[in-house]
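# Examining the three-dimensional arrangement
What follows is the residue order along each chain.
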Amino acid sequence: MRYPFATRRSFLCLLPFVWLALFAVGCVPPQPPSLRFQAGGIPFTVRYVPAGTFTMGSAVEEFGREEDETPHPVSIASPFYLGETEITQDLFAVVMGENPSFERGMGRPVEQVGWRTAVEFTRRLSRLTGAVFTLPTESEWEYACRAGSTGAFGALGSSSSCRTDFLDPRSPGHFGSGKTVPASVGSYPPNAWGFSDLHGNVAEWCLDSYGDYETGPVIDPPCLGAGFVVRGGSWSDPARKCRSAARAVEPGAPSPRIGFRIVYRPPMGILDRLSMGLWGSRDGKGSRSKLRDGISHAFPEGPRWRKMAPETSSARSLPGPYLRRGDRLALIGDSITHLGLYHEILTRFFLTRYPASGLTVRNAGMGGNTAQTVLDRLDWDVISNHPTVASVMIGMNDLGNDYADLLDPSGASGRAKAEKYGAEVSQIVDGLGRAGIRVLLLSPSIYDQSAALSGSLQPRANEALARLAGVCGDLARTAGVPYVDLFTPLSALNARVQASNRAFSIVSADRVHPGRLGSVAIAYYLLKALRADDRVGSVDISVRAPERSRMAFCRIRPRSWGSNWLSFDRLSESLPFPLLGEEASIDELVPWTEEFNQDILRVRDLPPGRYLLKVDGRPILDASSEHWALGINLASQGGMPEALQAVRVARWNRQRHDLESQRLRLIDVVEYGYAPEFRRRGPLAFNRIQPALEKMRRDLGGQVDHASLRQIEAYLKYKPQESRFRKWHRELEERARFESQPVWHCFQIVPMGG
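Conventions adopted
Just so you know, the residues in each chain are numbered from 1, in the order the chain's sequence is written. Whole-chain, interface and lining totals are the exception, using all residues; otherwise, since this is a predicted model, local features are given only for residues with pLDDT of at least 70 and side-chain atom pairs are given and counted only at 80 or more. Side-chain metrics rest on all non-hydrogen atoms present in the structure, leaving aside hydrogens and water. Put simply, DSSP marks the helices as runs of H or I at least four residues long and the strands as runs of E at least two long, and each gets a number from the N terminus on. For every residue, the accessible area (1.4 Å probe, protein chains only) is compared with the maximum for its type, and the residue is labelled buried under 20%, exposed over 50%, or partly exposed between those bounds. Residues count as neighbours in contact if any of their non-hydrogen atoms are within 4.5 Å of one another. Here, expected helix span is obtained from the residue count minus one, scaled by 1.5 Å. Nine residue types can take part in a nonpolar core, namely buried Ala, Val, Leu, Ile, Met, Phe, Trp, Tyr and Cys, and a core is a set of them joined through side-chain atoms within 4.5 Å. N or O atoms closer than or at 3.5 Å make up a polar contact, with two conditions inside protein: a donor-capable atom paired with an acceptor-capable one, and, for residues adjacent in sequence, both atoms drawn from side chains. Only Phe, Tyr and Trp rings take part, Trp by its six-membered ring, and two of them pair if their centres are within 6.5 Å. Stacked means planes under 30 degrees apart, edge-to-face means over 60, and tilted covers everything else. By definition, being over a ring means that NZ of Lys or CZ of Arg is both within 6 Å of the ring centre and within 35 degrees of the ring normal. Strand pairing requires that DSSP identify at least two bridges connecting the strands. A fitted line through C-alpha atoms represents every axis, and for helices the fit uses only the stretch in contact; the resulting angles, taken between N-to-C directions, go from 0 to 180 degrees. Reported orientations rely on four angle classes, namely roughly parallel under 35 degrees, roughly antiparallel over 145, roughly perpendicular from 65 to 115, and oblique for the rest. Each helix crossing is assigned a hand: it is left-handed if the near helix lies turned anticlockwise from the far helix by less than a right angle, otherwise right-handed if that turn is clockwise. Points on a 1 Å grid over protein atoms alone make up a cavity when a 1.4 Å probe fits among them but cannot get out, and a pocket when they form an open set with protein on both sides within 12 Å along at least five of seven lines; lining residues each have an atom within 4 Å of a point. Grid points are joined across faces, edges and corners, and a volume is the space filled by probe spheres set on the points. Any residue that is not Ala, Val, Leu, Ile, Met, Phe, Trp, Tyr, Cys, Pro, Asp, Glu, Lys or Arg is counted as polar, Gly included; the first ten are nonpolar and the last four charged.

Before going further, it helps to spend a moment on the overall build of the protein chain. When you go through the protein chain residue by residue, the secondary structure sums to 20 helices and 28 strands. By the burial criterion, 54% of the 754 residues in the protein chain qualify as buried. In the protein chain, of all internal contacts separated by at least 6 residues, the share reaching a separation of at least 24 is 73%.

Right under this line is the structure:
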């Protein structure tokens, strides 16, 4: 029977709704569609990539593999959308206002684009469209390229229309069918997930720096190192360079071989909800709100949810009266600050706990400094960088080798030494104050004279430091500046643990520089004094009476609920603090988790039984209804997406810290130590100091372990790259801050086995 045209057209119009209805009842497996955006009238398409696990890297027997392709399991925790093709010249020109490409043509991929320009493109495109775009991480690129395959060329296959010799990495020719310029996008066959041109058109920038792979299973790994990763190979590369696992590193400069594609990271939408088996409320009633990403979001409609504001939050401010939004904090000190870890941990805390604060931290420590040498470099090394607040921790080197007089509080010599130290610290405080910089004065750290360590021992040095700590406390009260006594609690902590273990110390073998646990302890006492927030966030919610729910430092959007299950979206203002490596044992020394890492989810009125928490569809933990009613600390769950995000922040921040401490500050140390008269006048040109240092290096050439020789050789290597290092430092700082920004996540609490 034939239907009139109008009737057939009406029926066809209903097909999408029938398709979605079948999703809702589980008849059709959910296949989220591609999304189409446009900027300046130029359309572009991104395709869905599901979360999943794959083996990243190449098999040992794969021809053409390199040593940096170690195979290891990688989990992609959250779904994302990847550009169907590489970014075209016409789209790039609309967004950036220029076309830098060497081989121009409509529909061709843009090239001659450096890494920083590609990142700037994603930012401008995000502003134009209201959606969030980035470059793909290296693991996301390879995962999407493979599309479930394990061969050398994931984007092709045995049924590909491409010539078979191009599937063989032994092929001596170029991958792109012998072309000498990039082809128009979409010229090469798509892979199983619909992505084209992943092999050998233009190589593609990734978000990561180039570094060694982890050897074990990892989740959403960033690669950290030097230079920037490009993937896929180009039209000018042999086939073995275009394999799925092939990696290349570039300095970030433009090249006619390199372009890029983008990732769209959506908020949780209706298609994600369908894939989790949810469709509004259980009674089928639902209202829809249209978000700017163009996806409908279904929220249950009913009297209980309407009584509760759809988004509720308690605002978070910076700790106490000491820090303010946008502050620039300079940490002044000696080598304990210069090469130490406590300020890296502080910065990590500020990034994860206060990601919207704009607070920046600068290392202003310098090895070997006394109060006098800090005073000598105060103007050019600290004040000239315009901090708004500065901490001062100095004193270890002021002891000198002859500190016995400080142990006699009544002796004239000891009084004179303590008064000199106090006067110099007072001048530092006054100089900062005159420059309009708020001051936070810290006591010196400890010297471990009691541990059974192999390092040389100066008996009673810690007792002499106690006197300098007392001088700092008296000075702070007189000057009216905030004071943090680190010396007393660190000494007590060390003594408490050493009562049962003489080999333990919170400092390293040299008895001076705090180790990793000691650095976390310093940060703990500092944050306590600063009155930092103890909580990451909290949600207290009831399945019976959602209108009585309470939350702090987060926002929630209700989704749907039943008598024994609940679903909502959460946007946390903070991330849990990531404890890395041996830092995980810090709770044996100080109550870090109890006081600084609490993210409590409490679910009340669940019927008796065990319930599973899923976040973005991934199982996280299960617990009894009694435990849920008491509340569970999600900050201790390493599989939470916020925890994984926090680890990425920590890794970027650690790379920033290492670059600053080991390279940039070393340049300042050498210039101040060997050419102070020039350095005081401002930045020092390399040619003013290079000849003298070259002569010193030759004179010291036979002394391989000489500390000065090592410093000079490092300086001669790093100084010509100083401007690049400073730019890299800013980029790493931006990456860490970008990674720390809040992201919506979908929470589900469901019965086990339900």
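Still more ground to cover, so stick around.
In an α-helix, one full turn covers 3.6 residues, which means residues spaced three or four apart are oriented alike. Spanning twelve residues, helix α19 (residues 707-718) covers 16 Å between terminal C-alpha atoms, matching the ideal 16 Å at 1.5 Å per step. Looking only at α19, the buried set comprises L709, I712, A714, Y715, L716 and Y718. Each element contacted by the buried residues of α19 is listed here: α16 (641-674), α18 (686-699) and α20 (722-739).

This brings us to the nonpolar core. Counting 80 residues, the largest nonpolar core has I332, F349, F350, L432, L486, L526 and W592 as its most contacted members. Per-element tally for this core: the top contributor is helix α13 (residues 516-530), with ten residues. Among all residues touching L432, those that are not within four sequence positions of it are I332, L378, V382, I383, A390, V392, I437 and V439. Ranked by size, the runner-up nonpolar core spans 32 residues in total, among them L35, V46, I262 and Y264.

Here we come to the side chain of E739. Here E739 lies in helix α20. Among the polar contacts made by the side chain of E739, one reaches the side chain of R648 at a distance of 3.0 Å. If we ignore the near neighbours within four places in the chain, the residues touching E739 are Q645, R648, V649 and W652.

Here A623 shows up in strand β26 (residues 618-624). Sequence separation between A623 and G609 is 14 residues, and the spatial gap between their C-alpha atoms is 8.5 Å. With residues near it in sequence (within four places) discarded, A623 still touches G609, R610, Y611, W628 and I632.

Turning next to the packing of aromatic side chains. For the structure shown, the criterion picks out 27 aromatic pairs. Considering the side-chain rings of F37 and F44, the 5.7 Å spacing of their centres and the 15° angle between planes classify their relative orientation as stacked. For F44, a relative accessible area of 8% puts it in the buried group. Aromatic side chains F37 and F133 sit 5.3 Å apart centroid to centroid with 80° between the ring planes, which places their arrangement in the edge-to-face category. Of this pair, F37 sits in strand β1 (residues 35-39) while F133 is found in strand β6 (residues 133-134), placing the two residues 96 residues apart along the sequence. Grouping aromatic residues by their ring pairs yields a cluster made of F349, F350, Y354, Y524, Y525, F577, W592 and F596. Across the ring face of Y213, the terminal group of R247 is positioned such that the distance to the ring centre comes to 4.0 Å. It is R557 that lies over the ring of W744; its NZ or CZ is 3.8 Å from the centre.

Note on sheets: strands pair through backbone hydrogen bonds, and any given pair is parallel or antiparallel. As summarised here, the arrangement of the four strands in space is β21-β20-β24-β27, forming an open sheet in which the pairing is mixed. The open sheet has two edge strands, β21 (550-552) and β27 (632-633), and neither has a second partner. Here strand β24 (residues 598-604) runs beside β27; their pairing, made up of two bridges, is antiparallel. Note that in β27 the partner of I600 across the bridge is N633.

It is the contact of helix α8 (residues 342-353) with α16, at a shortest axis distance of 10 Å, that shows an interaxial angle of 140°. Between α8 and α16, the angle falls in the class oblique. At the point where α8 passes α16, the crossing takes the right-handed sense. Contact residues: H343, E344, T347, R348, L351 and T352 in α8; A646, V649, A650, N653, R654, R656, H657 and S661 in α16.

In space, the three strands of this open sheet follow the order β3-β4-β8, with mixed pairing throughout. Two strands bound the open sheet, and with one partner strand each, they are β3 (52-56) and β8 (218-219). Pairing analysis gives two bridges linking strand β4 (residues 72-76) to β8, with the strands arranged parallel. The residue of β8 that forms the bridge with V74 is V218. Those strands touched by helix α4 (residues 138-146) are β3 and β4, and its axis lies near 95° from that of β3.

In this section: the side chain of S572. Residue placement: S572 occurs in strand β23 (residues 565-572). Of the residues examined, S572 reaches a relative accessible area of 5% and is grouped as buried. In terms of polar contacts, S572 uses its side chain to reach the backbone carbonyl oxygen of S574, at 2.7 Å. Apart from residues lying up to four places away in sequence, S572 is in contact with V536, F553, C554 and P742.

Another point: empty space enclosed by the protein. One pass over the structure, following the stated rule, counts five cavities of 30 Å³ or more. Volume-wise, the largest cavity comes out at about 60 Å³. In terms of lining residues, the largest cavity is bounded by T347, L351, L359, T360, V361, N653, R656, E733, A736 and R737. Secondary structure elements with two or more residues in the lining of the largest cavity: α8, β16 (360-365), α16 and α20. No other element matches the three residues that α20 contributes to the lining of the largest cavity. Of the residues contributing to the lining of the largest cavity, the split by class is four nonpolar, three polar and three charged.

In short, shape yes, function no, at least from these values alone.
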